[in-house]
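So the chains spell out like this:
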Amino acid sequence: MLKLSARNQFPGTITGIRKGVTTTHVTIEVAPGVILTAAITNESAEELGLAVGGEAVAVIKASDVMVGTKG
């Protein structure tokens, strides 16, 4: 794990990288069948040297979490 103040750290495997004009979407499988997607700058993706099959840690830092339902 990384040493960060954020407590929500999910290690996993990169399953997809989709580069856009300015943003790269990175999918990380953190448990069997559980995928998190992060949108990061293209520059950050390049600096991190991300590759499908590589290891990464999804770090979630939020002051609010919203919950919704269909009805």
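Treat the numbers as computed from the prediction; the structure is a model and nothing was measured.

Asker: Got a minute to help me understand the layout of surface pockets in this structure?
Answerer: Empty space among the atoms can be located by rolling a probe the size of a water molecule over them. The space that makes up the largest pocket amounts to roughly 310 Å³. For the largest pocket, the lining is made up of 15 residues, of which Ile28, Ala38, Ile40, Val57 and Ala58 are closest to its centre. Of all elements in the fold, only β2 (23-31), β3 (34-41), α1 (42-48) and β4 (55-60) reach the threshold of two or more residues within the lining of the largest pocket. Looking at the lining of the largest pocket element by element, the count peaks at six residues for β4. Tallied by class, residues from the lining of the largest pocket come to 12 nonpolar, two polar and one charged.

Asker: Could you clarify how one ought to interpret the sheet that holds strand β1 (residues 8-19) in this entry?
Answerer: Sheet strands associate in pairs through backbone hydrogen bonding, adopting either a parallel or an antiparallel arrangement. In space, the four strands of this open sheet follow the order β3-β2-β1-β4, with antiparallel pairing throughout. Each end of this open sheet is capped by a strand with a single partner; those strands are β3 and β4. The mean inter-strand angle of the sheet, taken between neighbouring strand axes irrespective of direction, is 45°. Note: β1 against β4, six bridges, orientation antiparallel. Across the sheet, Phe10 pairs through a bridge with Ala58, a residue of β4.

Asker: Would you explain the environment of Ile17 in this entry?
Answerer: Its place among the elements puts Ile17 in strand β1. Taking C-alpha positions, Ile17 is 6.5 Å from Thr27, a pair spaced 10 residues apart along the chain. Once residues lying within four places of it in the same chain are set aside, the contact partners of Ile17 are Thr24, His25, Leu50, Ala51 and Val52.

About the cut-offs
Residues numbered from 1 in each chain as written. Predicted model: local features only at pLDDT ≥ 70, side-chain atom pairs only at ≥ 80, totals over all residues. Heavy atoms only, no water. 1 Å grid on protein atoms, 1.4 Å probe; cavity = no way out; pocket = protein on both sides within 12 Å on 5 of 7 lines; lining within 4 Å. Points joined across faces, edges and corners; volume = space filled by probe spheres on them. Helix = DSSP H or I, 4+ residues; strand = E, 2+ residues; numbered from the N terminus. Nonpolar A, V, L, I, M, F, W, Y, C, P; charged D, E, K, R; others polar. Pairing = 2+ DSSP bridges. Axes fitted to C-alpha atoms, helices over the stretch in contact; angles between N-to-C directions. Contact = heavy atoms within 4.5 Å.

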